[in-house]
Amino acid sequence: MQKPILILGACGQIGTELTFELRAKYGSENVIASDIREGSEVLMNSGPFELLDATNYEAIEDVVMHYEIDEVFLMAAMLSATAEKFPMRAWNLNMNSLFNVLNLAKERKINKVFWPSSIAVFGPNTPKKNTPQNTIMEPSTVYGISKQAGERWCEYYFKKFGVDVRSVRYPGLISWKTMPGGGTTDYAVEIYHEALKSGKYQCFLDKDTKLPMMFMDDAITATMSLMESKPEKLSVRSSYNLGSMSFTPKEMAKSIQKNIPDFKITYAPDFRQQIADSWPSSIDDSAAAHDWNWKPKFDLETTTKEMLGNLKQAL
Ligand SMILES: NC(=O)c1ccc[n+]([C@@H]2O[C@H](COP(=O)([O-])OP(=O)(O)OC[C@H]3O[C@@H](n4cnc5c(N)ncnc54)[C@H](O)[C@@H]3O)[C@@H](O)[C@H]2O)c1
């Protein structure tokens, strides 16, 4: 019998799709979605939902006890671009929510934790191409600092207290069901919406800024595969590098122009350019491939087809 799962931050870009997929696989009643706000109508109607603040330990504990929760997916966080504007709020949310969940697992009130890290753990001194699993990190953003600290705490809780915590460093994620929530790679979603609505897009990153990206279906597959893996297979308890494709805004525009020939892109880099410049351009994810058979399915062309095809119907 499937033991109940709790998702914190379920109404965001990743949480929404993760909730749908977990419900499809394990049954709607076994997946409790929660967030500090209500989500889309489809999400709210798809199964149990709790209004829950991920920084409130007692409130999470109540829900965990009530539903006899076994696994928690912690998706609540403040993302890179927003965190630069509200550094202390970002630190408090990103760290306190993680400690709450790690401590619930330490006290054996839950058995397994998923917590996402990010390519933002890397910084200007990190080797940019094919960035290794273990390398110089030195993140230069508030968000990256919180993710790197989070990774260290995950590994510490695993080693010291035997907490079964699992994590991946997501690259920029591209999805059509939910809009992104204030990250530096948001352009790679906005561009498809604008291509269909107005036929033009002003990009906040420069044309040659190459970043690691991933289509949402691959990110959800990776998350679920890692959580289903046997614990003895996992050699990384900080966070796994996770790669898929890398491209620049100019390359993305070209891929859209193959489908919408009149699409026009202009460039007006803002404060997010500096964040993007500090991140890798591609990722070595051989540890994930070795330990739990990670292999992405989508490239830029198939992502563009999925995005334009699905958004055309949804918009
Ligand atoms: N989307 C990406 O490209 C990407 C890349 C790397 C890592 N990540 C990580 O994945 C996780 C999910 O990201 P996302 O893109 O879905 O973010 P998002 O901003 O779209 O969603 C976050 C959700 O958390 C909720 N939330 C905020 N404060 C909360 C609180 N106190 N209690 C409960 N919920 C709260 C928000 O309402 C929102 O629904 C984050 O940890 C993020 O750092 C995302």
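Here the structure is a predicted model, which means the values were calculated and not measured.

For the rest of this paragraph, the subject is the domain arrangement of the protein chain. Under the domain assignment, the protein chain is made up of domain 1 (5-172 + 214-241) and domain 2 (174-212 + 244-281 + 298-314). Computed from C-alpha coordinates alone, the two centres of domain 1 and domain 2 are separated by 25 Å. With 28 residues of domain 1 at the interface, the matching set in domain 2 holds 25 residues. Of all the secondary structure elements, the ones that give two or more residues to the side of domain 1 that touches domain 2 are α1 (13-26), α4 (80-85), β11 (211-215) and α8 (216-228). Ranked by the residues each element gives to the side of domain 1 that touches domain 2, the list is headed by α4, at four residues.

Surveying the vicinity of the ligand reveals 29 residues, the closest of which are Gly 9, Gly 12, Ala 77, Tyr 170 and Gly 181. Put simply, the parts of the chain that give the shell around the ligand at least two residues each are α1 and β9 (172-174). For the shell around the ligand, the leading source of residues is α1, giving three residues. Its residues placed into classes, the shell around the ligand shows 15 nonpolar, 11 polar and three charged. Structurally, the shell around the ligand is a two-domain feature, drawing no fewer than three residues from each of domain 1 (5-172 + 214-241) and domain 2 (174-212 + 244-281 + 298-314).

What follows is about the environment of Glu 17. Checked against the element boundaries, Glu 17 lands in helix α1. Remark: the alpha-carbon pair of Glu 17 and Thr 178, spanning 161 residues in sequence, is separated by 8.1 Å. Apart from residues lying up to four places away in sequence, Glu 17 is in contact with Ser 175, Lys 177, Thr 178, Met 216 and Ile 220.

Quick look at the sheet that holds strand β12 (residues 240-241) now. Strands sit in the order β6-β8-β12 across an open sheet of three strands; the sheet is parallel. The open sheet is flanked by β6 (117-118) and β12, the only strands paired with a single partner. Pairing of strand β8 (residues 168-170) with β12 involves two bridges; the strand directions are parallel. What sits directly across from Arg 169, in β12, is Asn 241.

On to the nonpolar core, then. Ile 7, Leu 74 and Val 113 are the most contacted members of the largest nonpolar core, which totals 93 residues. A total of seven residues in this core trace back to one element, the largest contributor, which is helix α5 (residues 87-106). In terms of domain composition, this core takes at least three residues from each of domain 1 (5-172 + 214-241) and domain 2 (174-212 + 244-281 + 298-314). Every residue in contact with Ile 7, bar those within four places of it in the chain, is listed here: Gly 15, Leu 18, Thr 19, Val 31, Ala 33, Ser 34, Phe 73 and Met 75.

According to UniProt, the positions carrying the feature "domain: NAD-dependent epimerase/dehydratase" (unreviewed entry) are residues 5-243. Within residues 5-243, the helical portion is 41% and the strand portion 17%, while the C-alpha atoms at the span's ends are 26 Å from each other.

On to the packing of helix α9 (residues 249-257) against helix α12 (residues 300-314). The contact between α9 and α12 brings their axes to 10 Å, and the two run at 55°. One element, α9, and the other, α12, form an angle in the oblique class. The crossing of α9 and α12 is right-handed. Within the contact between the two elements, α9 uses Glu 251, Met 252, Ser 255 and Ile 256 and α12 uses Leu 300, Glu 301 and Thr 304.

Let us look at unusual backbone geometry. Within the chain, Glu 68 stands out as a residue other than glycine whose phi angle is a positive 55°. As for its placement among the helices and strands, Glu 68 is situated in the loop between α3 (57-67) and β4 (71-74). Positioned with a positive phi, Asn 293 is a non-glycine residue whose angle comes to about 60°. In this structure, Asn 293 sits in the loop between α11 (286-292) and α12.

Right, let's get into the sheet that holds strand β13 (residues 245-247). With mixed pairing, the three strands of this open sheet are ordered in space as β9-β11-β13. Edge positions in the open sheet fall to β9 and β13, since each of these has one partner strand only. Taking the axes of each pair of neighbouring strands and ignoring which way they run, one obtains an average angle of 45° across the sheet. Pairing of β9 with β11, which is carried by three bridges, proceeds in the parallel orientation. Considered in β11, the bridge of Leu 173 is made with Met 214.

This part takes up the pairing of β11. Across the five residues that make up β11, a large majority, five, are buried. Residue alternation in β11 divides its side chains into two sets, Leu 211, Met 213 and Phe 215 and Pro 212 and Met 214, and both sets are buried. Sheet topology places β11 next to β13; three bridges connect them, and they run antiparallel. When the bridges of β13 are listed, Leu 211 appears paired with Phe 247.

The rules behind each value
- Residues numbered from 1 in each chain as written.
- Predicted model: local features only at pLDDT ≥ 70, side-chain atom pairs only at ≥ 80, totals over all residues.
- Domains from an automatic or database assignment.
- Contact = placed C-beta atoms within 7 Å.
- Helix = DSSP H or I, 4+ residues; strand = E, 2+ residues; numbered from the N terminus.
- Near = placed C-beta within 6 Å.
- Nonpolar A, V, L, I, M, F, W, Y, C, P; charged D, E, K, R; others polar.
- Pairing = 2+ DSSP bridges.
- Core = buried A, V, L, I, M, F, W, Y, C linked by C-beta atoms within 7 Å.
- Buried ≥ 20, exposed ≤ 12 C-beta atoms within 10 Å, placed from the backbone.
- UniProt positions renumbered as here; feature names shortened; annotations may be inferred.
- Axes fitted to C-alpha atoms, helices over the stretch in contact; angles between N-to-C directions.
- Parallel < 35°, antiparallel > 145°, perpendicular 65-115°, else oblique.
- Left-handed = near helix turned anticlockwise from the far one by under 90°.

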